[in-house]
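Structural description and commentary
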Amino acid sequence: MLINLHNLLHLPVITESGVRLGKVHDVNFDIENHCVKSYVVYAGLLSKHHLIKPSQIVAVTKEQITVDDAFLKEIEEESKKQIETKAKPVVGLAMSSKK
């Protein structure tokens, strides 16, 4: 099956278990090897984007792109790392209260 860029853009991306990840916003193309390196997927205007590699894709149809459920685990692990990094307390700052 062939699909052109016009039809690929804005195609819904879901996991095998039915979790909606967003829509294809862009495609990163390796011009030296003539292949797609990743699909840029946005869940919404203010949301973070996901880069989905071709190896993570299970199926592409005219209606949607389906990705492996393992991709959700990768997203969760990345989110946990970001939360842990942001939650670390700043050491060495003393707070004083003047009355």
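All of these numbers come straight from a predicted model, not from anything done at the bench. (Residues numbered from 1 in each chain as written. Predicted model: local features only at pLDDT ≥ 70, side-chain atom pairs only at ≥ 80, totals over all residues. Heavy atoms only, no water.)

Every regular strand shows the same layout, with side chains that alternate between the two sheet faces. Pairing of strand S5 (residues 57-60) with strand S6 (residues 65-67) involves 3 bridges; the strand directions are antiparallel. Bridge pairing in S6 links isoleucine 57 to valine 67. Once S5 ends, the chain turns through 4 residues before running back antiparallel as S6. (Pairing = 2+ DSSP bridges. Helix = DSSP H or I, 4+ residues; strand = E, 2+ residues; numbered from the N terminus.)

We now examine the nonpolar core. Ranked by size, the top nonpolar core spans 13 residues in total, and within it Leu8, Val13, Val24, Ile52, Ile65 and Val67 carry the most contacts. Counting only elements with at least two residues in this core, the list comes to strand S2 (20-30), strand S3 (35-42) and S6. Per-element accounting of this core gives the leading share, 3 residues, to S2. (Core = buried A, V, L, I, M, F, W, Y, C linked by side-chain atoms within 4.5 Å. Buried < 20%, exposed > 50% of the residue type's maximum accessible area, 1.4 Å probe, protein only.)

Moving on to the layout of surface pockets. Counted as a void, the second largest pocket has a volume near 160 Å³. Surrounding the second largest pocket, His10, Arg20, Gly22, Lys23, Val24, His25, Tyr42, Ala43, Gly44 and Leu45 form its lining. Among the residues making up the lining of the second largest pocket, the classes are represented as 4 nonpolar, 4 polar and 2 charged. (1 Å grid on protein atoms, 1.4 Å probe; cavity = no way out; pocket = protein on both sides within 12 Å on 5 of 7 lines; lining within 4 Å. Points joined across faces, edges and corners; volume = space filled by probe spheres on them. Nonpolar A, V, L, I, M, F, W, Y, C, P; charged D, E, K, R; others polar.)

For valine 24, the position within the fold is in strand S2. Separated by 16 residues in the primary sequence, valine 24 and valine 40 have C-alpha atoms spaced 5.8 Å apart. When sequence neighbours within four positions are dropped, the list of residues in contact with valine 24 reads Leu8, Leu9, His10, Leu11, Val13, Val40, Val41 and Ile65. (Contact = heavy atoms within 4.5 Å.)

Another point: the side chain of aspartate 30. Following the sequence through the fold, aspartate 30 ends up in strand S2. It turns out aspartate 30 is buried and unbridged, and the closest side chain with the opposite charge, lysine 37, is 4.2 Å from it. Of the polar contacts made by the side chain of aspartate 30, one reaches the side chain of asparagine 33; its length is 2.8 Å. Contact partners of aspartate 30, with chain neighbours within four places excluded, come to Cys35 and Lys37. (Lys, Arg positive; Asp, Glu negative; His and termini not counted. Salt bridge = Lys/Arg side-chain N within 4 Å of Asp/Glu carboxyl O. Polar contact = N/O pair within 3.5 Å; in protein donor to acceptor, adjacent residues only side chain to side chain.)

On the surface, a nonpolar cluster with roughly 260 Å² of combined accessible area is contributed by Met1, Ile3 and Val60. Relative to the assigned elements, isoleucine 3 resides in the segment before helix H1 (5-8). Here isoleucine 3 falls in the partly exposed class, since its relative accessible area comes to 31%. (Patch = residues over 30% accessible without salt bridge, like charges linked within 9 Å, V, L, I, M, F, W, Y side chains within 5 Å. Areas by Shrake-Rupley, 256 points an atom, 1.4 Å probe, with all protein chains shown as cover.)

In this section: the sheet that holds S6. Here we have 6 strands laid out as an open sheet, ordered S4-S3-S2-S1-S6-S5, and mixed in their pairing. Only two strands of the sheet have a single partner each, and these edge strands are strand S4 (49-52) and S5. Direction aside, neighbouring strands of the sheet carry axes that sit 35° apart on average. Here S3 pairs with S4 via 4 bridges, running antiparallel. Each bridged residue has a counterpart across the sheet, and for valine 40 the counterpart in S4 is leucine 51. (Axes fitted to C-alpha atoms, helices over the stretch in contact; angles between N-to-C directions.)

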